[in-house]
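Chain residues, written in single-letter form:
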Amino acid sequence: MRVVMIRTHRLITGLALSAVLCFAGPAAPGRAAGPAIHMGYLGVASDAGIFIALDKGYFKAQGVDLALERFGVGADQMALLGAGRLDIASGATSPTLFNAIARGLPVAVVADKGSLRKGFGFNVLVVRKALVDGGQFKGLADLRGRVLGSPSPASIVAFENYLILKKAGLTPRDMTVEYVEFADQPAAMANGKIDAAVMVEPFATAAESRGIGKIVMPLDQLLPDFQTAVIFYNRDWARAHAEDAQRWMVAYVQALRYYNQALRDRRVRDDVITIMAAHTPIKDRAVWDKMIWAGLSPDGTVTTRTILDYERWLLNEHQIAQFVTAPRFADASYTEHAVSVLGPARP
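Note that this is a predicted model, so its numbers are computed, not measured. (Residues numbered from 1 in each chain as written. Predicted model: local features only at pLDDT ≥ 70, side-chain atom pairs only at ≥ 80, totals over all residues. Heavy atoms only, no water.)

### Looking at the packing of helix α11 (residues 242–262) against helix α16 (residues 333–342)
Piece 1. Packing of α11 against α16 leaves a shortest axis separation of 8 Å and a crossing angle of 65°. When the axes of α11 and α16 are compared, the pair comes out roughly perpendicular. Crossing angle aside, the handedness with which α11 passes α16 is right-handed. Every residue of α16 that contacts α11 at A245, Q246, M249, V250, V253, Q254 and R257 is listed here: Y334, T335, H337, A338, V339, V341 and L342.
Piece 2. Its residues placed into classes, the contact of α11 with α16 shows nine nonpolar, four polar and one charged. (Axes fitted to C-alpha atoms, helices over the stretch in contact; angles between N-to-C directions. Helix = DSSP H or I, 4+ residues; strand = E, 2+ residues; numbered from the N terminus. Parallel < 35°, antiparallel > 145°, perpendicular 65-115°, else oblique. Left-handed = near helix turned anticlockwise from the far one by under 90°. Contact = heavy atoms within 4.5 Å. Nonpolar A, V, L, I, M, F, W, Y, C, P; charged D, E, K, R; others polar.)

### A closer look at unusual backbone geometry
Piece 1. Omega for the bond connecting E201 with P202 falls within 30 degrees of zero, at 10°, which places this linkage in the cis form.
Piece 2. The backbone of D225 shows a phi angle near 70°, a positive value even though the residue is not glycine.
Piece 3. Mapped onto the elements, D225 comes out in the loop between β9 (213–218) and β10 (230–234).
Piece 4. A residue is classified by how much of its surface remains accessible, and D225, at 35% relative accessible area, is partly exposed.
Piece 5. Non-glycine residue H318 carries a positive phi angle of around 60°.
Piece 6. Its location among the elements puts H318 in the loop between α14 (304–316) and α15 (326–329).
Piece 7. Classification of H318 by relative accessible area gives exposed; the value is 71%. (Buried < 20%, exposed > 50% of the residue type's maximum accessible area, 1.4 Å probe, protein only.)

### Observations regarding α14
Quick reminder: α-helices carry 3.6 residues per turn. Residues three or four places apart thus point the same way.
Piece 1. End to end, α14 covers 18 Å across 13 residues, agreeing with the expected 18 Å (1.5 Å per residue, within 8%).
Piece 2. Those residues of α14 that fall on the buried side of the exposure criterion are T306, I307, L308, Y310, E311, W313 and L314.
Piece 3. Tucked into the core, α14 has its buried residues touching α5 (95–102), α7 (157–167), β10 and α15. (Expected span 1.5 Å × (residues − 1).)

### Side note on α7
Piece 1. Buried within α7 we find V157, F159, E160, N161, L163, I164 and L165.
Piece 2. Check the buried side of α7 and you find it contacts β5 (123–128), β6 (147–150), β8 (196–200) and α14.
Piece 3. At the exit of α7 stands G169, carrying a positive phi of roughly 75°.

### Structural notes on the environment of I156
Piece 1. On the secondary structure map, I156 appears in the loop between β6 and α7.
Piece 2. For I156, a relative accessible area of 3% translates into the label buried.
Piece 3. For I156 and G211, which are 55 residues apart along the polypeptide, the C-alpha to C-alpha distance reads 27 Å.
Piece 4. What I156 contacts, discounting residues up to four positions off in sequence, is A92, T93, F226, Q227, T228 and Y310.

### Some points on the nonpolar core
Piece 1. Formed by 107 residues in total, the largest nonpolar core has its most connected members in Y233, W248 and M249.
Piece 2. Non-local contacts of M249, meaning those with residues more than four positions away in its chain, are made with V110, A111, Y233, Y334, T335 and A338.
Piece 3. Core analysis: the second largest hydrophobic core is formed by 14 residues, V124, M199, I212 and I215 among them. (Core = buried A, V, L, I, M, F, W, Y, C linked by side-chain atoms within 4.5 Å.)

### Points about the pattern of salt bridges
Piece 1. Here the structure, examined in full by the defined rule, presents 15 salt bridges.
Piece 2. When the shortest N-O distance is used, the salt bridge between R85 and E69 registers 2.8 Å. Residue R85 is found in the loop between α4 (78–82) and β3 (88–91), and its partner E69 is found in strand β2 (residues 66–70); the two are separated by 16 residues along the sequence.
Piece 3. Take R85: its relative accessible area is 39%, and that puts it in the partly exposed class.
Piece 4. You can call E69 buried: its relative accessible area is 17%.
Piece 5. One salt bridge connects R144 with D174, and the closest N-O pair in it is separated by 3.3 Å. Placement of R144 in the loop between α6 (129–133) and β6 and of D174 in the loop between α7 and β7 (176–179) is noted, with a sequence separation of 30 residues between them.
Piece 6. Here the salt bridges do not stand alone but share partners, grouping R266, R269, D270 and D289 into one network. (Salt bridge = Lys/Arg side-chain N within 4 Å of Asp/Glu carboxyl O.)

In structure tokens:
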């Protein structure tokens, strides 16, 4: 884990974003702040609920004191979450999640942090533009023999890559995989280190806007409604700090409501773009306006059905030791509480 954190610190320092590693605010009058809640995050488009809740004061209003720590992928957070070093984590489900639960570690999926709803395919297959312009890439079958970028061996992107290659009649053995964090993938593509990658937004649109890559497939076309990212709680922390766990979720779901409002209200959209540009490496507002936005449930609801589909693939690939049922890895009680406090979402 030391290597991951050193790499993360280097990246953020280079982007002059070290200030986003920690956000904390005083509690609202009349509500005392509890101990700081330590949370891992990725700094991608689907973190919108987290950043909105910070900037709009929703966490502050709930008396939540939040300390954020950036990671390259969600899987890197699991050991720290299970050990209580993190109280909350975020990112995609992965073999590390299911193996951790099988070993009895107290981790649970508690809320949505991005799904591939129709029109919200924010996980995107990007191919190096030079290959497209030169006629060397005309379809998925032309990925044969190319270098495919992936953030981690434990990333859910491995599953997405498998399905893309299967659609082309290929297998992972027909490719070379280079492990590059999401934020570094556009640069890796620019210098020819990788030929293609499933990038997350805003990095996919940033790569295309800079003439580095070409978006060839939003993954809602391949994996409709797929749950790509979630919020995790350490169950022991949540039981010991039940009110904090509930208040965090109320603020988060309130932010998800604001995010969904941005999809139909230009003024709110502009505000969300300002927030996201402030807290991620991509500062160009035009990229945020053009990109494919993440699907985020206004109630924080997790599509467990698609997580189970992914888990079955992991089991078949021998990446997990046993199948973990939904009641063992998912806990909807926190989002249900938030909805009871906030009321039903606007259609």
